[in-house]
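Examination of the molecular architecture
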4 protein chains.
Amino acid sequence: MIEPGNIFGARAMSPFTGVYPILATPFHDDERLDLDSLERAIRFMKSIGADGITVLGVLGESNRLTDREREQVVRAAVAAAEGMPVIVGASHPGTRATIELAGMAAESGASAVMVAPSLEPAPSDERVLEYYERIGKELSLPLVLQDHPASTQVHMPISLLIRIVENVPAVACIKEEGLPTPARIAALVAGMTRRRVPVLTGLGALYGLFDLEEGADGFNTGFAFPEVLLAMVRAKGENDWARVRSLYARFLPLIVFEQQPGVAIRKEILRRRGLLVSNRVRHPGAGLTPSAERQLQRLLDWILPGVDLTQPLVL
Amino acid sequence: MIEPGNIFGARAMSPFTGVYPILATPFHDDERLDLDSLERAIRFMKSIGADGITVLGVLGESNRLTDREREQVVRAAVAAAEGMPVIVGASHPGTRATIELAGMAAESGASAVMVAPSLEPAPSDERVLEYYERIGKELSLPLVLQDHPASTQVHMPISLLIRIVENVPAVACIKEEGLPTPARIAALVAGMTRRRVPVLTGLGALYGLFDLEEGADGFNTGFAFPEVLLAMVRAKGENDWARVRSLYARFLPLIVFEQQPGVAIRKEILRRRGLLVSNRVRHPGAGLTPSAERQLQRLLDWILPGVDLTQPLVL
Amino acid sequence: MIEPGNIFGARAMSPFTGVYPILATPFHDDERLDLDSLERAIRFMKSIGADGITVLGVLGESNRLTDREREQVVRAAVAAAEGMPVIVGASHPGTRATIELAGMAAESGASAVMVAPSLEPAPSDERVLEYYERIGKELSLPLVLQDHPASTQVHMPISLLIRIVENVPAVACIKEEGLPTPARIAALVAGMTRRRVPVLTGLGALYGLFDLEEGADGFNTGFAFPEVLLAMVRAKGENDWARVRSLYARFLPLIVFEQQPGVAIRKEILRRRGLLVSNRVRHPGAGLTPSAERQLQRLLDWILPGVDLTQPLVL
Amino acid sequence: MIEPGNIFGARAMSPFTGVYPILATPFHDDERLDLDSLERAIRFMKSIGADGITVLGVLGESNRLTDREREQVVRAAVAAAEGMPVIVGASHPGTRATIELAGMAAESGASAVMVAPSLEPAPSDERVLEYYERIGKELSLPLVLQDHPASTQVHMPISLLIRIVENVPAVACIKEEGLPTPARIAALVAGMTRRRVPVLTGLGALYGLFDLEEGADGFNTGFAFPEVLLAMVRAKGENDWARVRSLYARFLPLIVFEQQPGVAIRKEILRRRGLLVSNRVRHPGAGLTPSAERQLQRLLDWILPGVDLTQPLVL
């Protein structure tokens, strides 16, 4: 019997609300794992008050890692997190392999796993539900249901998401990244009448203001300045919408700039923040273009003039 | 022999530079064409100083119109434009049908046609080139080459775009909407050494600042406040980048909000601006959600408080 | 109120059972419509006892025709059919345009229209159902529901197809081309307990034997030797499965050869059968490769040695 | 320096010509690996004279295995093959992971690895070439270049395949499964003027006759009666095309039946042949439908009446 509440222990906030930055997986210039940088990034997230972290998501280039490397990342993350919840991406085309990856995460001390639907059961609602039921039955950790059609090519109607929440007790949170996120989050919040779990938004916070307005309980995404998201969630908690809007508007050019495909821009920002040693993306992922590098410099000079990026932003 | 320059006649600016708003196709509540609203919208675009307009693009729901309706739209647009250049979308899966649609546009008085590649010749660069050569040979109007992989599923490398420009004299402009647009625009501008045509950006101006920085000659897109884009292009012309940035930042929440899929949000804004009578989207396109309507109200109150939307924005 | 039975009048068989060859749209070498060849092909289909014909399907290159050409094809087909039922493809991304195309077909004397789902309502079962309800309400002709995910990218579960049959009285037939067709046809036949309509199979008869075994009521496809399909259906009617199998096995190499993408091979066979003057495919569709031409000759020499292809096959 | 010839040692035939059956990965009913069945299947392939085998292809459900299981499969396969060449599928979204999987295969005694292109470098020919160059440089085994757009969504023009062959010495064979295979194989054979490697066909042998006619050097596919393919290749070697055709025609209904999506039908045939203990497909792959089971029985009774399927077919 899973009781997600207990896992998050003495923390004041409800689990799966707030801000859970998704971490890039750092590499050296020769593409070897750089666990030192990973630990540094995690300590940084802890220092700014993140509610938890997520490793091995899309931004984490999990699909370019071997299983052994995945395990190394999880163990290093849990160690560095020192009690801060660690959500581990465990999506895999095979159900049994997903369960094995989740088991590895559990043994390594993770707090939850995040699973997006495999393409194969789609578009049968029955089979997607069965897929989550099967995984839920075998899990010893709470499950974050990731709805990210852009990467999965699985388009789940809201009614299906609600059925999964009702039928799979292990599901402890929905990460909603299907477009349009604001309307879908509103529909989820309104529809979960029998069982309500938190809804986090992602997509690099592109629609962050609108998602919070429609009921999102926080962020689970890789925007390279998570302090901004934390401040937005805090301001929402204080019902200070003017501040939510002003934070969103100020950083929106950066949020938009990061929307460009690939993870190179984010890794370069994290490097400039002193968290990564190298901005290396694993082949065949695209590296930083000279155009993007040039523009990023200008953009940071504009949005954060004179600011020491290696320090938490004062907002 | 096509001489694009002549078509744009006495206009001061080079053709295909500046701002060419893409128009929605207005419908009545029963989905019939509303040509009165179309004419009103065109007169508005003229009044704000648009360099031209585009009809029958993706935003124009051209794929939901019959051929006869397409012709009605073009004739009404040309009449209302009173000499302002009218670009007409003429993409069609069949080459011969594209040529016929372009011929119809020419007879109806259009200034240019916009053609995205048909899916079938892809991914053979040779065959995509041949496709444009064939169309170019039959055209009596200049051609805007639209690169919009999100709708065409055709991913053209920069080298192919340049080959088309070099080999198809009818191509008078590239509309670049392949991601990442800034780096691709920079590569196009650097690569067109033998023959240079203007490059316009689209995507609802999402990356507008970055595209202008990397060399875009203007916008060809459907953002519902084209005054902003005109002001950005003008400020760029005066090398006043602080103003370009400030305009972009101020309207970015609106630009982002409009990125949500479908055309309902834009049609609703155009309705609020007094241009359309109805925000109706043709079935099976999705209409405005209550969530989006609610959020749009709040957003406009925030970004443009107390402003009469039916008047051109004073920027 | 639609009564499909009446439309097919005095014909002995139930409507929408048997064999409805899908016709290629013939072109001259310069890609102009060749209505003479169309009429010749239709008279041939009548002479071999086809239960009806279909024009403007995928094989008919309907997506490369203008609306005016579509109408010319329908009028010519109805005239040549002299009372033989004519099914007209009327799929279009827009619902209203589909209804207009269907209206044109009705005015031109067609017997039924065939409509595949538009991509936009997918993957919401509710919206796909609504799409067919809307079309059904406006139609004056019976409707053949085409399930062909390979071209539509819409994957309808069996439960949805059955709901459409139950809720849209205009649906008079299902053309099932979703894989695996045999199992899906079996599930459809078993599941239509409230309302049963005929189920035809397509896919060039690739799984023809297996589809007939599982309950298909006939064929609606473009295999260039429809006499074979007529003989298979007749043999099934006489419960002579040994003959069904033997016919299938004998012609399977031809059926498989025709599975290669594009319509050039079929048009070439129809040309050799004396039905088309030219095997021309409209650009950008691929024409006949030298390799395919060479192999086709060998294949026909093997399967039908010494046979005059311009005459109906004696089977 | 790779010398593929040496790896295949004393074998009379050129390497990568002939028949290399692709093996299913056997599971117990509870989805655990069943290595006993794998070894039995390999001994069977050796007994019928297969030129080699392939493990961990699409049919091998490699994408549903953990890395550890992949290694177990390779080690068991090499042991059971007793010198018969073993090709190991090593495709992975990440280049470095592909190289690691290939290294594991080499250490485990494999003879070659098969790699399909990762989606990410497409559609840039330059980047796909670079992808293979990078892999080729790190490999100690010959490489089978798999061109299978249906699973990879990467559509490589023939000119690109030839460039890869010319620039990546490790490429020792092309497995061509892009449609239309016969014309593409003809173009490959004609185009490899600077460096010629064998071309094998796949796709379950659907176009087997036509592929052999156009120059295929054999089969690398999972048809459950590889004796038939061996006999076809042998007959081609003796220039006995009447026999090639007759074998193809006789088994084509089975070949077509196996084309239905998923691997359940093949696993059931292999079970009936005494090679697998269970036809279990790993979740979420689809299992055998009652319809398919019923039809398979009928089909085998028809094509192979009274034949003991557990023995090699006498052809």
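One structure accompanies this document, and this report is about it.

Looking at the sheet that holds strand 6 (residues 171–176) of chain C
Residues and elements named next belong to chain C. The eight strands are arranged 1-8-7-6-5-4-3-2 in an open sheet whose pairing can be described as parallel. Each of the sheet's edge strands pairs with one partner strand only, and the pair in question is strand 1 (18–19) and strand 2 (53–55). Where strand 5 (residues 143–147) lies against strand 6, five bridges are found, and the strand directions are parallel. When the bridges of strand 6 are listed, Val144 appears paired with Cys173. Across the face of the sheet, helix 5 (residues 125–138) comes into contact with strand 4 (112–115) and strand 5 while running at roughly 155 degrees to strand 5. Along the sheet, helix 8 (residues 181–191) contacts strand 5, strand 6 and strand 7 (199–201); its crossing angle with strand 6, the most-contacted strand, is approximately 155 degrees.

As for the pairing of strand 3 (residues 86–89) of chain D
Residue and element names in this part refer to chain D. Burial along strand 3 is two-sided: the face carrying Val86 and Val88 and the face carrying Ile87 and Gly89 are both buried. Bridging between strand 2 (residues 53–55) and strand 3 involves three bridges; their strand directions are parallel. Across the sheet, the residue bridging to Thr54 is Ile87, located in strand 3. Taking the sense of rotation as the criterion, the β-α-β connection linking strand 2, helix 3 (residues 67–81) and strand 3 turns out right-handed. Handedness of the crossover joining strand 3 and strand 4 (residues 112–115) through helix 4 (residues 95–107): right-handed.

Digging into the packing of aromatic side chains
Pairs of aromatic rings are described using the distance from one ring centre to the other and the angle between the two planes. Evaluated as defined, the whole model comprises 20 aromatic pairs over all chains. Their ring planes at 80 degrees and their centres at 5.4 Å tell us that A:Tyr131 and A:Tyr132 sit as a pair that is edge-to-face. By the burial criterion, A:Tyr131 is buried, and A:Tyr132 matches it. Counting every residue linked through ring pairs, the aromatic cluster contains A:Phe210, A:Tyr248 and B:Phe257. Seen from the ring of B:Trp302, A:Arg245 lies directly overhead, with NZ or CZ sitting 5.9 Å from the centre.

Regarding the relation of the copies chain D and chain A
Once chain D is rotated about the relating axis by 180 degrees and shifted along it by 0.0 Å, it coincides with chain A to within an RMSD of 0.0 Å. Taken together, these values place the two copies in the relation of a two-fold axis. Taking the C-alpha atom as reference, chain D places D:Asp67 closest to the rotation axis, 3.1 Å from it.

Regarding the interface of chain D and chain A
Contact residues are listed per partner, giving 30 residues for chain D and 30 residues for chain A. Remark: the boundary between chain D and chain A carries four salt bridges. Across the pair D:Arg134 and A:Glu31 runs a salt bridge, and its minimum N-O distance is 3.7 Å. Linking chain D with chain A are 13 residue pairs in polar contact (both at pLDDT 80 or more). Of all the secondary-structure elements, those providing two or more residues to the side of chain D that touches chain A are helix 3, helix 4 and helix 5 (125–138) of chain D. For the side of chain D that touches chain A, a count of residues per class yields seven nonpolar, nine polar and 14 charged.

Some remarks on the relation of the copies chain B and chain C
Taken as rigid bodies, chain B and chain C are interconverted by a rotation of 180 degrees and an axial shift of 0.0 Å, the fit giving an RMSD of 0.0 Å. Here 100% of the interface residues in chain B have copies in chain C that are interface residues too; the copies meet face to matching face.

Thresholds, definitions, all that
Residues numbered from 1 in each chain as written. Chains lettered and ligands numbered in written order. Predicted model: local features only at pLDDT ≥ 70, side-chain atom pairs only at ≥ 80, totals over all residues. Heavy atoms only, no water. Pairing = 2+ DSSP bridges. Helix = DSSP H or I, 4+ residues; strand = E, 2+ residues; numbered from the N terminus. Contact = heavy atoms within 4.5 Å. Axes fitted to C-alpha atoms, helices over the stretch in contact; angles between N-to-C directions. Buried < 20%, exposed > 50% of the residue type's maximum accessible area, 1.4 Å probe, protein only. Right-handed = clockwise from strand over helix to strand, strands pointing away. Phe/Tyr/Trp six-rings, centres within 6.5 Å; stacked < 30°, edge-to-face > 60°. Lys NZ or Arg CZ within 6 Å of the ring centre and 35° of its normal. Least-squares fit on C-alpha atoms with pLDDT ≥ 70 in both. Salt bridge = Lys/Arg side-chain N within 4 Å of Asp/Glu carboxyl O. Polar contact = N/O pair within 3.5 Å; in protein donor to acceptor, adjacent residues only side chain to side chain. Nonpolar A, V, L, I, M, F, W, Y, C, P; charged D, E, K, R; others polar.

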